[in-house]
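Observations on chain architecture
This is what each chain is made of:
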Amino acid sequence: MSTSDTPQQAAASRLESRAHELEVVDVIRETPDSVSIVFEVPDRILSRFRYHPGQFLTLKIPGADGSGTAVARCYSMSSSPHLDDDLIVTVKRVNGGVASGWLCDNVTVGERITVLSPSGSFYPRSYANDLLLVGAGSGITPLMSIAKSTLIGGLSSVHLIYANRDADSAIFSAEIDEMVAEFPDRFAVTHWFESERGLPDAAAMADLMRDEADRELFICGPPPFMAVVEETAEQIGIPAALTHTERYISLSGDPFSDIEVSVSSGDDDASVAVTLAGTSIDLAWPRSATLLDVLLAAGHDAPFSCREGECSSCACRVVSGEVHMRKNDTLVDSDLAMGLTLACQAVPVSDEVTVTFDT
Ligand code: FES
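Calculation notes
- Residues numbered from 1 in each chain as written.
- Predicted model: local features only at pLDDT ≥ 70, side-chain atom pairs only at ≥ 80, totals over all residues.
- Heavy atoms only, no water.
- Phe/Tyr/Trp six-rings, centres within 6.5 Å; stacked < 30°, edge-to-face > 60°.
- Helix = DSSP H or I, 4+ residues; strand = E, 2+ residues; numbered from the N terminus.
- Buried < 20%, exposed > 50% of the residue type's maximum accessible area, 1.4 Å probe, protein only.
- Pairing = 2+ DSSP bridges.
- Salt bridge = Lys/Arg side-chain N within 4 Å of Asp/Glu carboxyl O.
- 1 Å grid on protein atoms, 1.4 Å probe; cavity = no way out; pocket = protein on both sides within 12 Å on 5 of 7 lines; lining within 4 Å.
- Points joined across faces, edges and corners; volume = space filled by probe spheres on them.
- Domains from an automatic or database assignment.
- Nonpolar A, V, L, I, M, F, W, Y, C, P; charged D, E, K, R; others polar.
- Expected span 1.5 Å × (residues − 1).
- Axes fitted to C-alpha atoms, helices over the stretch in contact; angles between N-to-C directions.

Here we take up the packing of aromatic side chains. What describes a pair of aromatic rings is the distance from one ring centre to the other and the angle between the planes of the rings. For the coordinates displayed, the defined rule picks out one aromatic pair. Summarising the aromatic geometry, the rings of Phe-122 and Phe-218 are spaced 5.4 Å apart at their centres and angled 75 degrees between planes, so their arrangement reads as edge-to-face. Highlighted residues: Phe-122 in the loop between strand E6 (112–116) and strand E7 (131–136) and Phe-218 in strand E10 (residues 216–220), separated in sequence by 96 residues. Neither Phe-122 nor Phe-218 differs from the other in exposure class; each is buried.

Moving on to the pairing of E10. Where burial is concerned, most of E10 is hidden: five out of the five residues are buried. Here E10 shows a buried face lined by Glu-216, Phe-218 and Cys-220 and a second buried face lined by Leu-217 and Ile-219. Pairing of E10 with strand E11 (residues 243–246) involves four bridges; the strand directions are parallel. Each bridged residue has a counterpart across the sheet, and for Ile-219 the counterpart in E11 is Thr-245.

So, about the pattern of salt bridges. This model, assessed by the stated rule, comprises 15 salt bridges. Two residues, Asp-301 and Arg-48, come together in a salt bridge whose shortest N-O distance is 2.7 Å. With Asp-301 in the loop between helix H8 (291–297) and strand E14 (315–320) and Arg-48 in the loop between strand E2 (34–40) and strand E3 (56–61), the pair connects residues that are 253 residues apart, well separated along the chain. Taking the shortest distance from any N to any O, the salt bridge between Arg-93 and Asp-105 comes out at 2.6 Å. Pair noted here: Arg-93 is in the loop between strand E5 (87–92) and helix H2 (98–106) and Asp-105 is in helix H2, with a separation of 12 residues, a long-range link. On the accessibility criterion, Arg-93 (31% relative accessible area) is partly exposed. Via salt bridges that share partners, Glu-21, Glu-23 and Arg-112 belong to a single interconnected network.

On to the layout of surface pockets, then. Any empty space left between the atoms is revealed when a probe the size of a water molecule rolls over them. Of the voids in this model, the largest pocket is the one considered here, and its volume is about 1,000 Å³. Val-94, Ser-138, Gly-221, Pro-222 and Tyr-248 are the residues nearest the centre of the largest pocket, which is lined by 38 residues in total. Looking at the lining of the largest pocket, the elements that each hand over two or more residues are strand E4 (71–76), E5, H2, strand E8 (158–164) and helix H7 (223–236). Here the lining of the largest pocket spans two domains, and each of domain 1 (13–116) and domain 2 (131–246) adds at least three residues to it. If you add up the space inside the second largest pocket, you get close to 790 Å³. Looking at the lining of the second largest pocket residue by residue, the classes come out as 13 nonpolar, 14 polar and six charged.

Our focus in this paragraph is helix H3 (residues 140–153). Every α-helix carries 3.6 residues per turn, so stepping three or four residues along brings you back to the same face. When the terminal C-alpha atoms of H3 are compared, their 19 Å separation across 14 residues agrees well with the 20 Å that a helix rising 1.5 Å per residue should span. Across the 14 residues of H3, 12 count as buried, placing the element largely inside the fold. The complete set of buried residues in H3 reads Ile-140, Thr-141, Pro-142, Leu-143, Met-144, Ser-145, Ile-146, Ala-147, Lys-148, Ser-149, Thr-150 and Leu-151.

Next up on the list: unusual backbone geometry. If you check the backbone angles, Arg-307 has positive phi at about 60 degrees while not being a glycine. Arg-307 gets classed as partly exposed once you look at its relative accessible area, which sits at 29%. Although it is not a glycine, Ser-312 sits at a positive phi angle of roughly 70 degrees. As for its placement among the helices and strands, Ser-312 is situated in the loop between H8 and E14.

Here we come to the sheet that holds E8. Pairing between sheet strands relies on hydrogen bonds along the backbone, with the strands arranged either parallel or antiparallel. Pairing is parallel across the open sheet formed by five strands, whose spatial order is E9-E8-E7-E10-E11. Looking at the sheet topology across the chains shown, the edges are occupied by strand E9 (187–193) and E11. Put simply, the sheet's adjacent strands are angled 15 degrees from each other on average, direction ignored. As judged from the five bridges shared by E7 and E10, these two strands associate in the parallel manner.

Pasting the structure below:
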């Protein structure tokens, strides 16, 4: 952004740096109901697409509902930054879901889709801990990225508990079998098929997870399944600080529109020192403004999608000082224990705050 830019130009320029058209270079049919979409990232924007295993992409899906109006949806990456040159998201058809239906039925090689830079807080901060990954259905997608990355990038062990309707609906079965063969001492998988054993209830999960209390836990799947796993984790004594959950949300706003933001300063402003993409920024922080709005109003390219406290795209870490989140529908205890906050919901409590987006 140049100092002579109008607010509209600044907003458009920020959008240009967050949103990029990527070309689909492969479409892999994983199961009758799911596809993996492989995106090539041009060298000139590689830095915009560095990611942690477990994070997601926000896709702009053109005219998915037949009205010609684009919709935005978040899809986790199944690729690993340690293994795959391309970005891969895996999408499972949701009953009545216009976006997932469009992606499963229409995407072909050569299609260009607009996507936002990777975001999300559902990823291991290091590969030091042994992991327990518990997923159901398409919840395997971020867990697959975490499993591959941990096995290749670390030395710890991974136990995957993977629930599906039946064997045919299990995404990545062949790849998972190959990983077990390649890492027999570090990777174990327990499959659960509803066709054989019914839905996994608390007693069943307790049996599966009983000896796993010393592992760091990552959970992803339908909400009722996740609730059972979270309850079991608490019962068997996995600390909340070591329990991570990923919930899929439907974005209510349009993260692809240009957003103009202005904030009013006053005598009582706090101050904030921000590290963003390796750059240090010092700003006045009006008490009633969110950190995200303060950064956007000053022309900085802070990450966001929903601006509603629902997606964690704007997650950053408070290094010193105190903030208050007006709303938080996405960060869990383990995130809060690490000092994470949502820039789109954070207002200052202390007079001086230091924050980093470079988590
Ligand atoms: S932008 Fe979605 S939680 Fe802040």
